[in-house]
Amino acid sequence: MTLIAILLGTVAAGVGSVWLAAFLSFAMLARYTQHMLSLAAGALMSTAFMHLLPEAFESEAGAHELFALLLAGLVFFFLLDKAELWHHGHEHHHGGGHGHDHAHHHAHAHAPRSGGWAVLAGDSVHAFGDGILIASAFMADMRLGAVAALAVLAHEVPHHMGDLVVLRQTSGTQRTALVKVSLAGTVTALGGLVGYFLLSQLDDLLPYFLVAASSSFVYVALADLIPQLQKRLSLGQTVAQVGWLLAGIAMVVLVSSLAHHH
């Protein structure tokens with residue numbers, strides 16, 4: 001049952017986020033991107049602080065070890081971002097690209113002149129990691145798995161919108177771009193399978209996987225998404241932004257409670 005749930009969750013997160021991103025990108029609804037960033041930030045922080053971390057700290061693992069891993073994870077993702085910025089600076093400083101438009105904790109190339117294969121390779125690696133994280137959450141608790149899958153889906157949508165823009169330029173058609181990114185998204189299920197069999201053998205490592213997932217979610221929310229929201233806005237726009245952030249938190253809490261009751 002757990003394996004089926006992992007497969008359903010990883011496919012929904014990996015491929016569902018691509019199709020939702022395609023709808024928003026190709027249906028000319030890109031004006032909602034800022035709202036989706038707010039929603040994703042709220043969902044990620046809520047997942048990390050209200051679900052993944054409490055679950056990890058309820059285990060027999062030492063608090064000092066878990067906090068040290070959380071700190072190490074944040075520093076690790078910071079260094080990955082630095083490496084990506086450095087890479088873009090050297091590769092695109094003559095090309096007029098925007099460099100680090102929507103950097104993530106895995107290496108993604110989003111500059112307008114980036115090659116399509118670089119984007120697909122980055123997506124595949126990222127999707128595999130997401131699959132392992134979702135599997136670890138499902139194996140800790142079914143509701144945690146549902147929440148983690150939902151959080152991954154939410155934060156991947158704005159990310160895939162950038163991927164689709166790049167691939168549409170390199171592939172020439174919307175359909176080809178959608179197929180390529182969707183195939184990369186299916187790697188999430190492969191990561192889920194590997195995570196399931198790995199963690200079945202190494203159950204004691206589960207709290208550490210949960211903390212690693214938390215450090216990823218917290219870093220993306222605070223270092224990547226929220227800085228994009230920190231701009232001067234009208235009162236109405238600010239209220240909407242905060243509202244979508246709170247909606248992301250509420251969405252995670254609601255899904256968690258529903259999954260728990262079932």
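Description of the structure in this document. Fair warning: this is a prediction, and the values are worked out from it, not measured in the lab. (Residues numbered from 1 in each chain as written. Predicted model: local features only at pLDDT ≥ 70, side-chain atom pairs only at ≥ 80, totals over all residues. Heavy atoms only, no water.)

Turning our attention to the overall build of the protein. Check the secondary structure of the protein and you find nine helices and zero strands. Element order for the protein, N to C, with α for helix and β for strand: α-α-α-α-α-α-α-α-α. Counting every atom, the protein has about 12600 Å² of accessible surface; 69% of that belongs to carbon and sulfur. (Helix = DSSP H or I, 4+ residues; strand = E, 2+ residues; numbered from the N terminus. Areas by Shrake-Rupley, 256 points an atom, 1.4 Å probe, with all protein chains shown as cover.)

The full count for this structure, using the stated rule, is one salt bridge. Note that Arg143 is salt-bridged to Asp141, the shortest N-O span being 3.5 Å. The class for Arg143 is partly exposed, based on a relative accessible area of 23%. Looking at Asp141, the relative accessible area reads 24%, which means it is partly exposed. (Salt bridge = Lys/Arg side-chain N within 4 Å of Asp/Glu carboxyl O. Buried < 20%, exposed > 50% of the residue type's maximum accessible area, 1.4 Å probe, protein only.)

Formed by 36 residues in total, the largest nonpolar core has its most connected members in Leu44, Leu52, Ile134, Val211, Phe217 and Leu225. At the level of elements, α1 (2–26), α2 (33–57), α3 (63–92), α4 (116–140), α5 (142–171) and α8 (206–229) are the ones that each hand at least two residues to this core. Setting aside residues up to four positions removed in sequence, Leu52 forms contacts with Thr47, Ala137, Leu144, Leu210, Ala213, Ser214 and Phe217. Counting 14 residues, the second largest nonpolar core, distinct from the first, contains Leu120, Leu164, Ala177 and Leu178. (Core = buried A, V, L, I, M, F, W, Y, C linked by side-chain atoms within 4.5 Å. Contact = heavy atoms within 4.5 Å.)

On to empty space enclosed by the protein. According to the stated counting rule, one finds two cavities of 30 Å³ or more in the structure shown. Of the pockets and cavities examined, the largest cavity occupies roughly 70 Å³. For the lining of the largest cavity, the secondary structure elements donating two or more residues are α1, α4, α5 and α6 (174–185). Looking at which element gives the most residues to the lining of the largest cavity, the answer is α4, with four residues. (1 Å grid on protein atoms, 1.4 Å probe; cavity = no way out; pocket = protein on both sides within 12 Å on 5 of 7 lines; lining within 4 Å. Points joined across faces, edges and corners; volume = space filled by probe spheres on them.)

Under the criterion given, the structure shown has four aromatic pairs. Where Phe77 meets Tyr219, the ring centres are 6.3 Å apart and the plane angle is 40°; that geometry is what we call tilted. Here Tyr219 lies in helix α8 and Phe77 lies in helix α3, a separation of 142 residues in the sequence. The same class applies to Phe77 and to Tyr219, which are both buried. Judged by centre distance (5.1 Å) and plane angle (80°), the rings of Tyr196 and Phe197 are edge-to-face. Pairwise contacts between aromatic rings join Phe76, Phe77 and Tyr219 into one cluster. (Phe/Tyr/Trp six-rings, centres within 6.5 Å; stacked < 30°, edge-to-face > 60°.)

Looking now at α8. Here α8 spans 33 Å end to end across 24 residues, near enough to the 34 Å set by a 1.5 Å rise per residue. Ala221 marks where α8 bends most, by close to 35°. (Expected span 1.5 Å × (residues − 1). Bend = angle between axes of the 7 residues up to and from the residue.)

Position of Thr47 among the secondary structure elements: in helix α2. Taking relative accessible area as the criterion, Thr47 reaches 0% and is therefore assigned buried.

Take the environment of Ala184 next. Note that Ala184 resides in helix α6. Spatially, the C-alpha atom of Ala184 lies 6.0 Å from that of Asp123, the residues being 61 residues apart in sequence.

Interpretation note: all reported values are geometric properties and have no functional meaning in isolation.
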